Structures are given as C-alpha cells and as structure tokens.
Amino acid sequence: MGLVPESRNCEAIIQAWYGGEKGGEAVADVLFGDYNPSGKLPLTFYKDASQLPDFEDYRMDNRTYRYFKGEPQWVFGYGMSYTTFEVENPRYNKAMGRLTVTLKNTGNRCGDEVVQVYIKRTADAEGPIKTLRAYKRVNLKAGEHRDIAIDLPMKNFETWDDATNTMRVVGGEHEIMVGTSSDHVKSIKVNL
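All of these numbers come straight from a predicted model, not from anything done at the bench.

Procedures and definitions
- Residues numbered from 1 in each chain as written.
- Predicted model: local features only at pLDDT ≥ 70, side-chain atom pairs only at ≥ 80, totals over all residues.
- Heavy atoms only, no water.
- Helix = DSSP H or I, 4+ residues; strand = E, 2+ residues; numbered from the N terminus.
- Buried < 20%, exposed > 50% of the residue type's maximum accessible area, 1.4 Å probe, protein only.
- Contact = heavy atoms within 4.5 Å.
- Areas by Shrake-Rupley, 256 points an atom, 1.4 Å probe, with all protein chains shown as cover.
- Lys, Arg positive; Asp, Glu negative; His and termini not counted.
- Charge placed at Lys NZ, Arg CZ, Asp CG, Glu CD.
- Phe/Tyr/Trp six-rings, centres within 6.5 Å; stacked < 30°, edge-to-face > 60°.
- Polar contact = N/O pair within 3.5 Å; in protein donor to acceptor, adjacent residues only side chain to side chain.

Caption draft 1: Molecular detail of the overall build of the protein chain. Of regular secondary structure, the protein chain possesses 3 helices and 9 strands. Secondary structure elements of the protein chain occur, N-terminal to C-terminal, as α-α-α-β-β-β-β-β-β-β-β-β. Projected onto its principal axes, the C-alpha positions of the protein chain cover 55 × 45 × 30 Å. Split into buried and exposed, the 192 residues of the protein chain put 38% on the buried side. Across the protein chain, every contact between residues at least 6 apart in sequence was considered, and the portion connecting residues at least 24 apart equals 60%. Entry remark: accessible area of the protein chain is about 11700 Å², with carbon and sulfur atoms responsible for 51%. Charge centroids of the protein chain, computed over 25 positive and 27 negative side chains, lie 6 Å from each other.

Caption draft 2: Inspection of the packing of aromatic side chains at higher detail. Scanning all chains against the criterion turns up 5 aromatic pairs. Between Tyr 46 and Phe 68, the ring centres sit 5.0 Å apart and the planes meet at 75°, which makes this aromatic pair edge-to-face. Placement of Tyr 46 in the loop between α2 (23-31) and α3 (64-67) and of Phe 68 in the loop between α3 and β1 (85-93) is noted, with a sequence separation of 22 residues between them. Using a relative accessible area of 16% as the deciding quantity, one classes Tyr 46 as buried. You can call Phe 68 buried: its relative accessible area is 10%.

Caption draft 3: Representation of the side chain of Thr 44 within the structure. Along the polypeptide, Thr 44 turns up in the loop between α2 and α3. In this structure Thr 44 comes out as buried when scored by relative accessible area, which is 10%. Polar side-chain contacts of Thr 44 include one of 3.3 Å to the backbone nitrogen of Tyr 65. Apart from residues lying up to four places away in sequence, Thr 44 is in contact with Thr 64, Tyr 65, Pro 72, Trp 74 and Phe 76.

Caption draft 4: Spotlight on unusual backbone geometry. A positive phi angle is found at Tyr 18, which is not glycine, with a value near 50°. Along the chain, Tyr 18 falls in the loop between α1 (4-9) and α2. You can call Tyr 18 exposed: its relative accessible area is 81%. Positive phi, close to 55°, is recorded for Asn 89, a residue that is not glycine.

Function cannot be read off these values alone, since they describe shape.
So, in structure tokens, the structure goes:
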C-alpha cells in the first residue's frame, strides 16, 4: 500500500479494515474525537515497491520489521492517538521473568497505549534485527504515570540455534527493546 503522497497532505490516515456493521460509527467517533484511537499497525508499510526484494526472492533479507534495514513509510506497531506517551526506565528481573517500565501519558487526554517488547540476541548477526515477544495495553489518564510489569519468561528469548538446528534459548547477551512501536524504543542488555 503506497501512501506517500497522501501522508504528505493529511494529518492522519485511518485504516479501518473489516469494520463490520458498526464500522462507520466507529470511524465517525474517532474523527470527531469522541473516541481516542489506540490501534497499532500489524505490519510494516513500505514507501514503495523499490524497498522490497524481487518477488521471486524468498529470503527474509529486508522484509518485515524483523529484517528491514531501510526507512519505511510507517513501522510495525505504529499508531496515532489524541494524546502522547513515553516509556522510561526499563528494568528486567531474570529470576521473576518480568520486565518493568514506567509509562507516562504526557498529553492532555486519557488514552490507551500498547507497550511493545522486542528482543534480539546480539551475537546473532544473521538473525532478526528484533522480534516482538510481548505487549500490554494500558489505559492512563492525562498526566498519569505508572510502572507496568510485563511477563517475559525465558521461553521469550528463544532463537534459532545453528549448532543444534533447533529453537532454544542461547546464552549470552540479549537486547530488550521496549516502546510504543518497533522503532520508538528504549533498550537494555541482559546476559542469560
């Protein structure tokens, strides 16, 4: 879906897929500000087809948020709201298998945010840039901040291991990235 010209001339674009019977009312509620949107893109929107490998190339190189190295039109997990949020101070408790972050509603309206957690094994040069491993929807009032706990057990750190030809937790340094989309993240490194 190429939306480059539209994005230059519009303040927002609503993707209302499969709206169903009440889809029109839902879109009207968003447009008139009666509902604060909090949806996130479930895929990467590229600027145009030149950013993608040839159709007959089945490798993952430069495809999806997990492997794409360019600058897309909109990243995986992107979404707009009538308020703004910041994720701060990520900390991971390995013994509990829990990530905790501070989420702040820095805007003037109540709203939902989807806190997204991505992981990368730093020594895996051939693997994904990041992989979504957890998320949590949180509602905050204007100006409110809260510590958010997200379960992140060891199984979430599984990656492909060439040595054993299996998916498993490979020891070493891992980067945990947490934020409001796949590119708006704070990161910490942990050793497993």
